[in-house]
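Observations on the three-dimensional arrangement
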Amino acid sequence: MAETEQPERPAAKKKNPNKQQPVDESELLTVPDGWKEEPFTKDDNPRGLLEESSFATLFPKYREAYLKECWPLVQKALNESFVKAELDLIEGSMTVTTTKKTFDPYVIVRARDLIKLLARSVPFEQAVRILQDDMACDIIKIGSLVRNRERFIKRRQRILGPKGSTLKALELLTSCYIMVQGNTVSAIGPFSGLKEVRKVVLDTMKNIHPIYNIKALMIKRELAKDPELRSKSWERFLPKFKHKNVSKRKEPKNKNIKKEYTPFPPPQPESQIDKELASGEFFLKESQKRRKKLEEIKVKQAEAVSKRQEERNKAFIPPKEKPMAKPKKASTSNKIDVNAIKEKVKKAKDKKLGALPEEEVKQKLAIAGKKKRK
């Protein structure tokens with residue numbers, strides 16, 4: 001039997017292991033829920049640090065008593081990370097220094113932030129949170145943003161709000177602790193919250209009320225819950241507030257209106273000779289010129305005399321007399337009735353002051369007589 005020939009199959013395509021598969025960019029940009037960075041342990045740096053680092057900061061006199069009380073707690077918190085802390089009450093300074101046992105290279109920066117926050121009136125319970133890995137701090141300087149002292153105090157008060165309500169709302173929305181003290185605003189919390197706090201504080205000092213930013217933060221908080229909108233722009237949902245700077249200066253009555261600018265110089269004024277040439281006086285003789293001037297003077301004198309005469313004649317013009325008004329007839333309705341008045345006077349004389357009328361007196365006498373008979 002002859003063997004049947006089978007058709008050849010096409011060779012299977014080999015998969016290229018180096019070829020990268022397309023990845024959704026939105027997944028790379030978003031952080032997974034519940035993700036937390038691993039803490040830095042001694043196993044990550046068993047040999048420790050080569051050099052010693054130290055930071056120092058000054059504190060005001062009014063913080064001396066509080067720091068003296070809480071300093072043992074500060075030393076205890078820093079000893080866990082093998083950082084040495086010193087308090088100098090004579091110079092008014094706090095110093096943090098690494099030791100041979102310190103294994104975390106970034107802990108000295110966190111210790112520096114801790115003493116800075118303590119110097120800015122932040123309580124120890126809140127300031128010690130800076131030693132955690134997921135916490136950061138930001139000290140915003142606001143003293144040089146507004147020149148006028150009264151205006152600065154008013155705008156700083158806006159951050160606090162009535163009975164601290166604005167500050168409390170900002171803390172809830174950003175998950176940060178905020179402390180307004182003197183010329184600075186100290187904030188402790190996650191990086192995303194600190195960014196929002198700085199924006200709100202700087203906008204408030206630029207005369208933008210914090211309620212506008214708080215409203216935008218509330219909208220962002222609701223939009224973040226929707227997984228579809230995480231990778232999209234939120235500008236269409238956020239409110240747009242226009243800053244209206246209305247000046248209260250009164251406008252002057254007489255405004256100086258500027259003339260339109262022209263690159264060409266103004267025309268040269270005509271001289272006396274040009275005027276004479278235009279009118280034809282230049283070609284007249286001297287005698288003719290004198291005669292013309294005399295005629296002009298005579299005309300002016302005649303006009304002045306006529307005006308003077310008119311003013312003198314005004315005194316002799318009689319004023320216009322008013323027309324005679326006809327006497328009005330006395331109205332009969334206003335006449336006084338003398339007889340009626342006389343009768344009223346007679347009745348008043350007959351009556352005694354405080355006495356009862358005659359009919360009531362008769363009735364009372366009749367009732368009294370009946371009682372006696374009984």
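Residues numbered from 1 in each chain as written. Predicted model: local features only at pLDDT ≥ 70, side-chain atom pairs only at ≥ 80, totals over all residues. Heavy atoms only, no water.

Overview of the nonpolar core
- Grouped together as the largest cluster of nonpolar side chains are 27 residues, with contacts concentrated most on Val-74, Leu-78, Met-94, Val-96 and Leu-118.
- Put simply, the parts of the chain that give this core at least two residues each are helix H2 (64-79), strand E2 (83-88), strand E3 (93-98), helix H3 (107-119), helix H4 (124-127) and strand E5 (177-181).
- Per element, the largest residue contribution to this core is nine residues, and it comes from H3.
- Counting 21 residues, the second largest nonpolar core, distinct from the first, contains Ala-136, Val-197, Val-200 and Ile-214. (Core = buried A, V, L, I, M, F, W, Y, C linked by side-chain atoms within 4.5 Å. Buried < 20%, exposed > 50% of the residue type's maximum accessible area, 1.4 Å probe, protein only. Helix = DSSP H or I, 4+ residues; strand = E, 2+ residues; numbered from the N terminus.)

Here we look at the packing of aromatic side chains
- All told, the structure shown has three aromatic pairs when counted by the stated rule.
- Taking 6.5 Å as the distance between ring centres and 5° as the angle between the ring planes, the aromatic pair formed by Phe-40 and Phe-103 counts as stacked. A residue pair is termed long-range when its members are at least 10 positions apart, and Phe-40 in the loop between helix H1 (25-29) and strand E1 (54-58) and Phe-103 in the loop between E3 and H3 qualify at 63 residues.
- Owing to a relative accessible area of 36%, Phe-40 belongs among the partly exposed residues under this scheme.
- Ring centres of Phe-82 and Phe-103 lie 6.4 Å apart, and the angle between their planes is 65°; on these two criteria the pair is classed as edge-to-face. Separated by 21 residues along the polypeptide, Phe-82 in the loop between H2 and E2 and Phe-103 in the loop between E3 and H3 bring together distant segments of the chain. (Phe/Tyr/Trp six-rings, centres within 6.5 Å; stacked < 30°, edge-to-face > 60°.)

Some remarks on helix H7 (residues 191-205)
- Across its 15 residues, H7 extends 22 Å between first and last C-alpha, which sits within 8% of the 21 Å expected from 1.5 Å per residue.
- Inspection of H7 places Gly-193, Leu-194, Val-197, Val-200, Val-201, Asp-203, Thr-204 and Met-205 among the buried residues, and these make up the whole buried set.
- Structurally, H7 contributes buried residues whose contacts are with strand E4 (136-141), helix H5 (149-160), helix H6 (165-174), E5, strand E6 (184-189) and helix H8 (210-224).
- Remark: Asn-207 follows H7 within two positions and exhibits a positive phi of approximately 70°. (Expected span 1.5 Å × (residues − 1). Contact = heavy atoms within 4.5 Å.)

A short note on the sheet that holds E4
- One open sheet accounts for three strands, arranged E4-E6-E5; its pairing is antiparallel. Two strands in the sheet have a free side with no partner beyond their single neighbour: E4 and E5. Within the sheet, the average angular offset between the axes of one strand and its neighbour, ignoring direction, is 15°.
- The pairing of E4 with E6 spans six bridges and is classified as antiparallel. Within E6, the residue paired with Ala-136 across the bridge is Gly-189.
- Lying on the sheet, H7 is in contact with E4, E5 and E6; it crosses E4 at an angle near 10°. (Pairing = 2+ DSSP bridges. Axes fitted to C-alpha atoms, helices over the stretch in contact; angles between N-to-C directions.)

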